[in-house]
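# Survey of secondary and tertiary structure
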Amino acid sequence: MYASSVWAPATEKITTQKQLNTVQRGFAQKICKSYRTVSLNAALLLADLIPLDLRIQEAAQLYEAKRGRPQDILCGREVERRVSFLDALHPSEEFAVEFRCLEDKESESEAKQAMTGLRIFTDGSKMEGGVGAALTCWKDGEETLIKKFRLESFCTVYQAEMYALYQATKVAIKTKEPSVNILSDSRSALETLGGTETFHPLAFAVKKNLSLLKAKGKEINFFWVRAHIGIEGNERADVLAKEAVEKLKTRPNYDGCPVSYIKRNIRRDTIVKWAERYKSGHTASVTKTFLPTVEAAHKFLKKTTMTPLLTQVFTGHGGFAEYLHRFKCKDSPSCVCDERQEENILHLIFDCPQHSRKRLDLQIEICMNLCRDSIPDILNEDRQTFLDFCCKIAEIAINRNKT
Ligand SMILES: [Zn+2]
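No experiment lies behind these values; they were computed from the predicted model shown. (Residues numbered from 1 in each chain as written. Predicted model: local features only at pLDDT ≥ 70, side-chain atom pairs only at ≥ 80, totals over all residues. Heavy atoms only, no water.)

Now for the UniProt feature "domain: RNase H type-1" (unreviewed entry) in the chain. Taken from the UniProt record, the annotation "domain: RNase H type-1" (unreviewed entry) applies to residues 114-246. Within residues 114-246, the helical portion is 44% and the strand portion 32%, while the C-alpha atoms at the span's ends are 36 Å from each other. (UniProt positions renumbered as here; feature names shortened; annotations may be inferred. Helix = DSSP H or I, 4+ residues; strand = E, 2+ residues; numbered from the N terminus.)

The structure is reproduced here in structure tokens:
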């Protein structure tokens, strides 16, 4: 997918698509352990592989979004972009922020004794209703200032935590206190500040403020505190952040759209396109009986490991008389039950009288009627029993056809 944003438009052409399909079909067949005659449509589904041309378009779209080009899925909002190298600090001026870990309540109260000046607790929160951040300042055991902020609902907790830290540094700049301690329960946010290369826009803003504080000769210390162990300031910040989500009705203070959100949305669109292609394709008719949609297949494959036998069942390409006859490996396509009846996997599972007994036993065991329409439900509820049944029946036919 190298430089895909340049050549992604070419994937719309049929000839390019054919070339990509040839590349991917072989891989997909090997992954799902199928016969080489299995169609691309079925092989991709069973291998859980997104079609290559869609994957390329996806990568190109993500690149464009990261570059700041307007995207339909963003509805006019901007992506949170990395800080440009041109704006970054000179490497000689780069610095890492150190933080101390206060693992439990005891170490927190010990540290509290030693701390001079202002203590600022920060927290971020993401809930059903949105995303919020808050900070609370403490001096001599009393709360002196609180601030609450709202972030756009697609923002992450990480962004909220980082935004709270940024606001804390702003308070540190304004206050007359010569020494400020900032306490956060987000280790990932503090660790980002701990790195020397900072391209996250919020982390970058924090560092800019810290340089300013340094120049002013102020002392500033960072601490990580464990959340929900009853540290007063931290609990308070937590409550305030949740209040910010529930009660603040102002415009969001921060609305940088995280890349993860865009990725998720692009992927959702891709799956819709793939599902449409799978459904409308003329191939994979047997596979569609078992797995009618891309979503169903994805869910199924998360829980099941495909074996060569199972793939023969799910594709119908295997040691069945009708298939063998089609590829000139057997004289007759008919089933042992009836001369006029072709022996294929669907006939064996649903209709063939030689397996009536097994079918009846299965239906009693799973308490469901076995027919083509009930397959999705059966796969949902009694997957393994049904798969064992299918494999047993397929094996009998395959072994018979070997001789
Ligand atoms: Zn039969």
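Let us keep going from here.
Moving on: the pairing of strand β5 (residues 179-184). Within β5, six of the six residues are buried, which leaves it mostly tucked inside the rest of the structure. Side chains S179, N181 and L183 project from β5 onto one buried face, and the interleaved V180, I182 and S184 project onto a second face that is buried too. Bridge count for strand β2 (residues 118-127) against β5 is five bridges, and the pairing is parallel. Directly across from R119, in β5, lies its bridge partner N181. Summarising the sheet, β5 and strand β6 (residues 219-225) pair through six bridges and their orientation is parallel. Pairing of L183 across the sheet is with F223, part of β6. (Buried < 20%, exposed > 50% of the residue type's maximum accessible area, 1.4 Å probe, protein only. Pairing = 2+ DSSP bridges.)

In this section: the pattern of salt bridges. Enumeration according to the criterion identifies 15 salt bridges in this entry. For the salt bridge of E143 with R236, the shortest nitrogen-to-oxygen distance reads 2.8 Å. Here the residue E143 occupies a position in strand β4 (residues 142-151), and R236 occupies one in helix α9 (residues 232-247), the gap between them amounting to 93 residues. Overall, the relative accessible area of 31% leaves E143 in the partly exposed class. A single salt-bridge network, built from bridges that share partners, covers R55, E58 and R267. (Salt bridge = Lys/Arg side-chain N within 4 Å of Asp/Glu carboxyl O.)

One way to put it is that helix α2 (residues 14-32) packs onto helix α3 (residues 40-47) with a least axis distance of 8 Å and a crossing angle of 50 degrees. It follows that α2 is oblique to α3 by the angle criterion. Along this stretch, α2 crosses α3, giving a crossing that reads as left-handed. For the pair α2 and α3, contact is made by N21, Q24, R25, A28, Q29, I31 and C32 and by L40, A43, L44, L46 and A47, respectively. A breakdown of the residues in the contact of α2 with α3 according to their chemical character gives eight nonpolar, three polar and one charged. (Axes fitted to C-alpha atoms, helices over the stretch in contact; angles between N-to-C directions. Parallel < 35°, antiparallel > 145°, perpendicular 65-115°, else oblique. Left-handed = near helix turned anticlockwise from the far one by under 90°. Contact = heavy atoms within 4.5 Å. Nonpolar A, V, L, I, M, F, W, Y, C, P; charged D, E, K, R; others polar.)

Moving on, we come to the coordination of the zinc ion. Only C335 (SG), C337 (SG), H347 (NE2) and C352 (SG) from the protein reach the zinc ion as donors, at distances of 2.1 to 2.3 Å. Positions of the donor residues of the zinc ion, expressed as sequence spacing, correspond to C-x1-C-x9-H-x4-C. Note that C335 is positioned in strand β7 (residues 334-335) and H347 in helix α15 (residues 345-351), a separation of twelve residues in sequence. (Donors = N, O, S within 2.8 Å, 3.2 Å for Na, K, Ca; no water.)

The topology assignment puts E58 in helix α4 (residues 52-67). Given the relative accessible area of 8%, E58 is considered buried. In this structure, E58 is in contact with I266, R267 and T270, ignoring residues within four places of it in sequence.

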